[in-house]
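Here are the chains, one letter per residue:
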Amino acid sequence: MAKRIDVSGLTAFYGSHKAIEDISMTVEPRSVTAFIGPSGCGKSTFLRTLNRMHEVTPGGRVEGKVLLDEEDLYGQGIDPVSVRREIGMVFQRPNPFPTMSIFDNVAAGLRLNGGYKKSDLNDIVEKSLKGANLWNEVKDRLNKPGSGLSGGQQQRLCIARAIAVEPKVLLMDEPCSALDPISTLAIEDLIGELKERFTIVIVTHNMQQAARVSDRTAFFNLSAVGQPGRLIEIDDTERIFSNPSVQATEDYISGRFG
Amino acid sequence: MSHAAVTEERPSTLRGASLPVWSPWAIAAGSVVVAVLLGLVAGIDSRVQWGLIAGLLFLAGTYGIAAKVEGRRQAKDRIATSLVWVAFLLAVVPLVSLVWTTVARGVKVLDLYFLTHSMGIVADSQPGGGIYHAIIGSLEQVGLATLMAAPIGVLTAIYLVEYGRGGLARAVTFFVDVMTGIPSVVAGLFILSLMLIFEMEPFGFAGSLALAILMVPVVVRSTEEMLKLVPNELREASLALGVPKWRTILKVVLPTSIGGITTGIMLAIARIAGETAPVLLLVFGNRFINNNPFEGAQQSLPLYIYQQYANSAGANAAYDRAWAASLTLIAFVMILNLLARGIARWKAPKSGR
């Protein structure tokens, strides 16, 4: 079910501004890959190129290849809408749909896309909420608005919404940066469970978090302000945090710059 | 020795002299008294001038007293507050006066008979008659105009906010701005020229066309603002679920902003419901009930008011009918506004816990 991502020579632009340059990496299925690096180094931009959300921004365009199990996401005739059904995304700020109830939020992906059996909907919603460790907290108020939940619950609701459409890959853009430590712990535990079923890529500013949840870690950096961000190295998380092969990585992790 | 006493004895840099809470009211009352006295002594007849003098005295008095007692910074703060209050009163007084006059004069002949009969067998100088034909005409013309203008306006706004980039969007925005400035009589003349080219007689729908021209830019503008208020994160959340853009707009963006869009449309309806010039040119007016907006002259409320006033020949009965029709028109617009607020509250995203 989970799929591998192969990126080669990827460069992304905002208009004429080059945001990231020549990035190549492989993301293994059923694993957690963390992106770390200083602000503005293009982690989020790179994440958004992986499910073609980058081009939603006016002026956003991409060169290079992103292979999802051998199929180029930027190839001829590829529909970005289909890509996003395969590769789900969770954002920095929890963003449940304000007009919809908790149930409708989780069901939104299925309802808006069609192609499901009405009789399955209740089961899918329950399964997704259980998958996001939210079921016990909301099972008695599924018809209440999603915006009435706490920040951490809202973020788990967004994760439930993302996994309800059964994506192959789940991208998370700093999913815990707006949350308190307890909610953060809940989501980190959840990531550990979700990686059994999905390929997970997570952007984080919290290096302890990267060390806790990820199997592999990629370090991004930019040589100067205004220069495009680059991938410095990607390796097993343990190695990145104990014995990185590039000096810049060690400097960043030990807090000597950035 | 109590604690409070100690605090009072200590010289404080944080506490200064301050006017009592009731001082603005006292200054206001004093200003009014002085203004009335001044007016009587100087022999000024106009009550409006008395009011203006009182307002100016209030501002000057507030500043002077506050500057003396509290210092200049507090005086500036107080004068800003006073300016807001004076401006508020200046705006409210004419409004209350207008509503009061309309209600007082309008209720004289406003009854069920008035609302359910036309002017068919009543001369303008005679009492009796009613506005049923005008209400029907207004509802049909405004309704048809809304049916045309609301979809065009909302779709244009969706294009501008969600799709429009570059030259075409800028051109559309520019022409919407230009349309906002079209005087209603010009919109009427535009349709009238078409009517003359095709050699048609006045009919209700022609008025609807002119009203729609006036309504479109208002709807576009308000809808645009409402769509811009929808956070981009919601659009991205929907797109990231693999929902196509058009469905995202239909199922996420529009439901989130539907309350505001409805309010905008209602306000646009309120604006065109009172238009007289295009109706006068294109619908012509009619003493009889004409339920068909596509054939023959019709009546409408603003036109009825104008004609009763203009053709009254000094007859009180016609004046009374004009006031009663005005009251009906104001009530109609007010009900629409209340409806709009109700819908906005009902549809607004809920945060209930």
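Remember, it's a predicted structure, so these values are computed and weren't measured experimentally.

Some remarks on the overall build of chain A
At step 1: Scanning chain A from terminus to terminus reveals ten helices and ten strands.
At step 2: Its C-alpha atoms give chain A a radius of gyration of 18 Å, within 12% of the compact-globule value 18 Å for 258 residues.
At step 3: When the backbone C-alpha atoms are referred to their principal axes, chain A occupies close to 55 × 45 × 30 Å.
At step 4: A burial count over chain A gives 46% of its 258 residues as buried.
At step 5: Of the contacts made within chain A by residues no fewer than 6 positions apart, 68% connect residues no fewer than 24 positions apart.

Examining the confidence of the model for chain B
At step 1: Counting all residues, the mean pLDDT for chain B is 89, and 95% of those residues have values of 70 or more.
At step 2: If you check the scores for this complex, the pTM reads 0.84 and the ipTM reads 0.89.

Concerning the packing of helix α4 (residues 121–131) of chain A against helix α6 (residues 151–164) of chain A
Residue and element names in this part refer to chain A.
At step 1: The contact between α4 and α6 brings their axes to 8 Å, and the two run at 130°. Taken together, the axes of α4 and α6 lie oblique to each other. Seen from above, α4 lies across α6 with right-handed handedness. Contact with α4, carried on its side by Ile124, Val125, Ser128, Leu129 and Gly131, involves Ala160, Ile163 and Ala164 of α6 and no other residues of that element.
At step 2: Considered class by class, the residues forming the contact of α4 with α6 number six nonpolar, two polar and no charged.

Looking at the environment of threonine 33 of chain A
Residue and element names in this part refer to chain A.
At step 1: Along the polypeptide, threonine 33 turns up in strand β3 (residues 32–36).
At step 2: Owing to 23 C-beta atoms within 10 Å, threonine 33 belongs among the buried residues under this scheme.
At step 3: A C-alpha to C-alpha distance of 11 Å links threonine 33 and arginine 212, two positions 179 residues apart in sequence.
At step 4: The contact partners of threonine 33, leaving out residues within four places of it in the chain, are Val27, Val201, Ser214, Asp215, Arg216 and Ala218.

Things to note about α6 of chain A
All names here are of chain A.
At step 1: Helix length check: α6, at 14 residues, gives a terminal C-alpha distance of 20 Å against a target of 20 Å (1.5 Å per residue), a fit within 8%.
At step 2: Counting buried residues in α6 gives 13 out of 14 residues, a clear majority hidden from the surface.
At step 3: In the segment just after α6, glutamate 166 is the residue with positive phi, at about 50°.

Examining the UniProt feature "transmembrane region" (unreviewed entry) in chain B
Residues and elements named next belong to chain B.
At step 1: Mapped onto the present numbering, the UniProt feature "transmembrane region" (unreviewed entry) falls on residues 21–42, 48–67, 79–100, 142–161, 173–197, 203–220, 252–273 and 322–344.
At step 2: Across residues 48–67, helical content stands at 100% and strand content at 0%; the span's end C-alpha atoms are separated by 29 Å.
At step 3: Span residues 173–197 is 88% helix and 0% strand, its end C-alpha atoms 30 Å apart.

What counts and how
Residues numbered from 1 in each chain as written. Chains lettered and ligands numbered in written order. Predicted model: local features only at pLDDT ≥ 70, side-chain atom pairs only at ≥ 80, totals over all residues. Helix = DSSP H or I, 4+ residues; strand = E, 2+ residues; numbered from the N terminus. Rg over C-alpha atoms; globule rule 2.2 N^0.38 Å. Buried ≥ 20, exposed ≤ 12 C-beta atoms within 10 Å, placed from the backbone. Contact = placed C-beta atoms within 7 Å. pLDDT = per-residue confidence, 0-100. Axes fitted to C-alpha atoms, helices over the stretch in contact; angles between N-to-C directions. Parallel < 35°, antiparallel > 145°, perpendicular 65-115°, else oblique. Left-handed = near helix turned anticlockwise from the far one by under 90°. Nonpolar A, V, L, I, M, F, W, Y, C, P; charged D, E, K, R; others polar. Expected span 1.5 Å × (residues − 1). UniProt positions renumbered as here; feature names shortened; annotations may be inferred.

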